[in-house]
Amino acid sequence: MGFGVMLIGYFITYVMALNTYGVFFRLLGYLMICRAAFKLLEYDKKFVYPFYLSVLLAALSGLEAVNFVYQLIALTPNATVELIANIVGYIDVAAVFVFHAALLFAIRGIAKDTGVSKVAVSAVRNFIVIVLYFVLYAVSLLPLPVSMAMPLTIVYLLWILLNVALLYSCYYRICDENDNEMARRPSRIGWVNNMWSKLDAKQEKAAREMEEYRAQKNQKKRKK
């Protein structure tokens, strides 16, 4: 359906990007999320908002990547470039919040439509955690006598952990029973093949469970 690609893209964007060259990982991750959201549009039109927002975030990451390279090769600092970089940074922060709100709203919708109430509840819980993070972030901008670095780090890690778990649950529990894709070409990297093999096995199991759930739901409708 697209949740597998979105899970990997999200992991790249928010986990693998926690390094010096993270901006390039974010660019790659957002492009994967964009592709996944576009595919999920076939199943629920609410994914149109995550799709366009992921396009915006990919574009912003591209600008940040250009600025990163510029900073490496520039001999002297440029005030205009720094100003533009700061503006892009603020837009990126706002876009990240709106993107997650739209993504979790879309996940909640498709989970409710497919009868996976646990995933729908988890999406609401994750949104509350994200709101908490951005409230703490806003507070940290104030001239406070104490540092907010530790609370921000803890809530951020919780946010990422919960969202990765949520996307995995979507991949595991929500799938199209008619989603028969072509055989995937094996990678030259062993751990990538192992990862896809495990994810494929999980998706096949989820497809069987979803088919059984729909069959039971249809039987109840006939009895009524």
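Heads up: the structure comes first, above all this text.
Predicted model, so just to flag it, every value in this text is computed and none were measured.

A. Fine view of empty space enclosed by the protein. Tallied over the full model, the rule gives one cavity of 30 Å³ or more. Quantified by volume, the largest cavity comes out at close to 30 Å³. Lining the largest cavity, in full, are Tyr10, Leu103, Leu104, Ile107, Asn163, Leu166 and Leu167. Residue assignment for the lining of the largest cavity shows that the elements contributing at least two residues are helix H4 (79-113) and helix H6 (149-173). Of the residues contributing to the lining of the largest cavity, the split by class is six nonpolar, one polar and no charged.

B. Spotlight on a nonpolar patch on the surface. On the surface, Tyr21, Phe24, Val69, Leu72 and Ile73 cluster together into a nonpolar patch covering about 520 Å² of accessible area. A total of three residues in the nonpolar patch trace back to one element, the largest contributor, which is helix H3 (residues 48-73). The residue Ile73 is located in helix H3 in this model. Given the relative accessible area of 60%, Ile73 is considered exposed.

C. Spatial organisation of the layout of surface pockets. One number sums up the size of the second largest pocket: a volume of about 410 Å³. Lining the second largest pocket are 17 residues; nearest its centre among them are Tyr14, Arg26, Asp92, Val96 and Tyr156. Looking at the lining of the second largest pocket, the elements with two or more residues in it are helix H1 (3-16), helix H2 (22-40), H3, H4, helix H5 (117-140) and H6.

Procedures and definitions
- Residues numbered from 1 in each chain as written.
- Predicted model: local features only at pLDDT ≥ 70, side-chain atom pairs only at ≥ 80, totals over all residues.
- Heavy atoms only, no water.
- 1 Å grid on protein atoms, 1.4 Å probe; cavity = no way out; pocket = protein on both sides within 12 Å on 5 of 7 lines; lining within 4 Å.
- Points joined across faces, edges and corners; volume = space filled by probe spheres on them.
- Helix = DSSP H or I, 4+ residues; strand = E, 2+ residues; numbered from the N terminus.
- Nonpolar A, V, L, I, M, F, W, Y, C, P; charged D, E, K, R; others polar.
- Patch = residues over 30% accessible without salt bridge, like charges linked within 9 Å, V, L, I, M, F, W, Y side chains within 5 Å.
- Areas by Shrake-Rupley, 256 points an atom, 1.4 Å probe, with all protein chains shown as cover.
- Salt bridge = Lys/Arg side-chain N within 4 Å of Asp/Glu carboxyl O.
- Buried < 20%, exposed > 50% of the residue type's maximum accessible area, 1.4 Å probe, protein only.

Any link to function would need more than the numbers given here.
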